[in-house]
Amino acid sequence: MNRHLKVFIDLNAIKNNLKIIRQRLTLGTGIIGVVKADAYGHGALEVAKTLENSGIEMLATAYLEEAIYLREGGIKVPILVLFEEPDPQKFLRYDLRAVIHNRKTLETLSKIMSSSSPTLSVHIKIDTGMGRLGFLPDEIPYLLKKIGDIKSIKIEGVMSHFSEAELRNKESVIQQIERFKVSKSEIEDFVKKEGQKAPIFHIANSAAIFTTNEAHFSSVRPGLSLYGYLPGELSSEELLPAMKVTTELLAIREVPSGTPISYGGTFITRRKSIIGIISAGYADGLMRNLSNKGYVIYMGKRVPIIGRICMDLTMIDLTDIIRVEEKENNEVTILGSQGMEKITAKDIASWAGTIPYEVLTTFGGLGKKEFINGDNKFVS
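Before going into details, it helps to say that this report is about the structure given with it. Each chain carries its own residue numbering, running from 1 in the direction its sequence is written. Two thresholds apply to this predicted model, a pLDDT of at least 70 for residue-level local features and 80 or more for giving and counting side-chain atom pairs, whereas whole-chain, interface and lining totals are computed over all residues. Side-chain metrics in this entry use all non-hydrogen atoms of the structure; hydrogen atoms and water are not considered.

1. Comments concerning the environment of T119
Turning to step 1, where the next piece is worked out: Secondary structure elements are defined from DSSP: runs of H or I of at least 4 residues count as helices, runs of E of at least 2 residues count as strands, and each element is numbered from the N terminus. Relative to the assigned elements, T119 resides in the loop between α6 (103-112) and β6 (120-125).
Turning to step 2, where the next piece is worked out: With 31 residues separating them in the primary sequence, T119 and P88 have C-alpha atoms 9.3 Å apart.
Turning to step 3, where the next piece is worked out: If sequence neighbours within four positions are ignored, T119 has contacts with L92, S152, I153 and K154. Should any heavy atoms of two residues lie within 4.5 Å, those residues are considered in contact.

2. Points about the packing of helix α10 (residues 345-352) against helix α11 (residues 356-366)
Turning to step 1, where the next piece is worked out: Comment: axis = line fitted to C-alpha atoms, over the contacting stretch for helices; angle = value between 0 and 180 degrees taken between N-to-C directions. One can describe the packing of α10 onto α11 by two numbers: an axis separation of 8 Å at closest approach and a directional angle of 110 degrees. Between α10 and α11, the angle is such that the two are roughly perpendicular. Contacts from A345, K346, I348 and A349 of α10 reach α11 at P356, V359, L360 and F363. An angle below 35 degrees is read as roughly parallel, one above 145 as roughly antiparallel, one from 65 to 115 as roughly perpendicular, and any other as oblique.

3. A look at the pairing of strand β3 (residues 58-61)
Turning to step 1, where the next piece is worked out: Partly exposed describes any residue whose relative accessible area lies between the buried limit of under 20% and the exposed limit of over 50%, with all areas from a 1.4 Å probe on protein chains only and scaled to the type maximum. Here β3 shows a buried face lined by M58 and A60 and a second buried face lined by L59 and T61.
Turning to step 2, where the next piece is worked out: By the bridge criterion, three bridges tie strand β2 (residues 30-34) to β3 in an arrangement that is parallel. Of the residues in β3, the one forming a bridge with G33 is L59.
Turning to step 3, where the next piece is worked out: Any two strands are treated as partners once DSSP identifies two or more bridges connecting them. Sheet topology places β3 next to strand β4 (residues 79-81); three bridges connect them, and they run parallel. The partner of A60 across the bridge, within β4, is L80.
Turning to step 4, where the next piece is worked out: With respect to chirality, the unit in which β3 leads through helix α4 (residues 64-72) into the neighbouring parallel β4 is right-handed. Handedness of a crossover: with both strands directed away from the viewer, a clockwise path from the first strand across the helix to the second marks it as right-handed.

4. Looking at the nonpolar core
One recurring pattern in soluble globular proteins: nonpolar side chains tend to sit buried together.
Turning to step 1, where the next piece is worked out: Among the nonpolar cores identified, the biggest contains 114 residues, and L59 and F363 are the most heavily contacted of them.
Turning to step 2, where the next piece is worked out: Other than its neighbours up to four places away in sequence, F363 contacts L5, V7, M243, V245, D284, G285, L286, I334, L335 and I348.
Turning to step 3, where the next piece is worked out: In terms of nonpolar packing, the next biggest core, distinct from the first, is built from seven residues, I261, I277, I306 and M315 among them. Throughout, nonpolar core names a set of buried Ala, Val, Leu, Ile, Met, Phe, Trp, Tyr and Cys residues whose side chains join them through atoms within 4.5 Å.

5. Quick notes on the environment of S163
Turning to step 1, where the next piece is worked out: Structurally, S163 is set in the loop between β7 (153-159) and α8 (170-194).
Turning to step 2, where the next piece is worked out: Through-space distance from the C-alpha of S163 to that of D127 is 9.7 Å; in sequence the pair is 36 residues apart.
Turning to step 3, where the next piece is worked out: Excluding residues that lie within four positions of it along the chain, S163 makes contacts with G129, M130, S172 and Q176.

6. Observations regarding the pairing of strand β13 (residues 273-278)
Turning to step 1, where the next piece is worked out: With six of its six residues buried, β13 lies for the most part within the structure.
Turning to step 2, where the next piece is worked out: Side chains S273, I275 and I277 of β13 all project onto a buried face; the interleaved residues I274, G276 and I278 project onto the opposite face, where all are buried too.
Turning to step 3, where the next piece is worked out: Here strand β10 (residues 243-255) pairs with β13 via six bridges, running antiparallel. In the sheet register, I252 faces β13, and the bridge partner there is G276.
Turning to step 4, where the next piece is worked out: As paired strands, β13 and strand β16 (residues 314-317) are joined by four bridges and run antiparallel to one another. In the sheet register, I275 faces β16, and the bridge partner there is D317.

This is the structure in structure tokens:
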């Protein structure tokens with residue numbers, strides 16, 4: 001269905017961002033590119049192809065079906081499935097890496113896998129302070145004994161997860177890194193005794209890549225930074241936002257002072273006003289709590305959203321930039337640049353009281369995507 005909302009994905013920006021991330025790392029440090037949730041709304045297959053062609057070492061999805069989709073789309077690099085309970089048959093068929101984060105999974109694998117089973121590569125998740133998934137450090141001896149008994153499991157990696165994306169609490173960050181180091185030492189000793197290759201160790205998110213070198217270990221897991229942003233108040237001028245969202249100006253109306261605008265009359269004009277109606281609403285990802293708070297760009301100028309955002313339409317105040325008869329074009333930019341003005345996912349998140357992750361995944365999940373690769377555009 002054509003709902004007029006267009007989502008443009010600049011694959012060259014993603015190439016640039018991967019390059020910038022790699023420049024932050026010690027030579028030899030690997031990168032596990034996080035492409036879960038349709039690559040944060042940017043199109044998982046096209047982003048994965050771009051990252052693979054740019055030399056990324058591994059990709060990560062949230063669930064099995066996401067990984068299978070990439071494999072069936074031709075992606076060859078290793079793929080780590082972060083949250084799915086591993087079905088050895090499917091994981092082996094599609095050459096996927098499983099994350100083991102609880103005793104139940106180990107018990108199940110010990111029952112269905114024998115020493116003659118094909119080897120399943122796994123990453124062990126350690127809970128160093130997130131309190132969500134993972135083995136606690138004092139469970140490591142049990143974990144290693146169980147894996148030693150199974151034999152057909154190979155520890156390819158060991159991972160953990162920071163408890164806040166932007167890493168503002170430095171004391172907590174240091175504690176998590178130190179806990180991870182203790183587990184790292186125990187697991188390294190075990191793997192060495194088993195005669196296996198040293199595992200990949202990874203805990204660093206986008207913020208840690210740019211602020212905390214001691215968290216880099218042997219690999220890092222960028223997510224948001226691949227798409228042009230850093231979490232929280234962190235920023236980097238070198239990173240390029242990869243998503244632009246536009247729609248059309250459907251109509252322009254001139255109304256007198258005192259006119260209520262949209263449902264509930266939460267905005268009433270204080271002067272004779274020129275109102276634009278755009279073809280986008282909360283069904284398209286323009287969040288309803290942007291009502292009377294957000295902005296869009298028209299004719300290179302930032303203009304306010306007025307009144308409540310509707311399911312399919314949104315009203316904007318054009319009084320200061322045009323007269324009714326001066327309508328020059330239809331394009332309205334919701335996210336991205338137009339002329340000298342720009343609106344970022346962080347801007348929208350700030351107005352809506354959310355985070356840029358939600359902005360990107362929402363628009364990307366609802367809009368029709370067009371991909372830009374050099375001078376070429378294509379729809380997927």
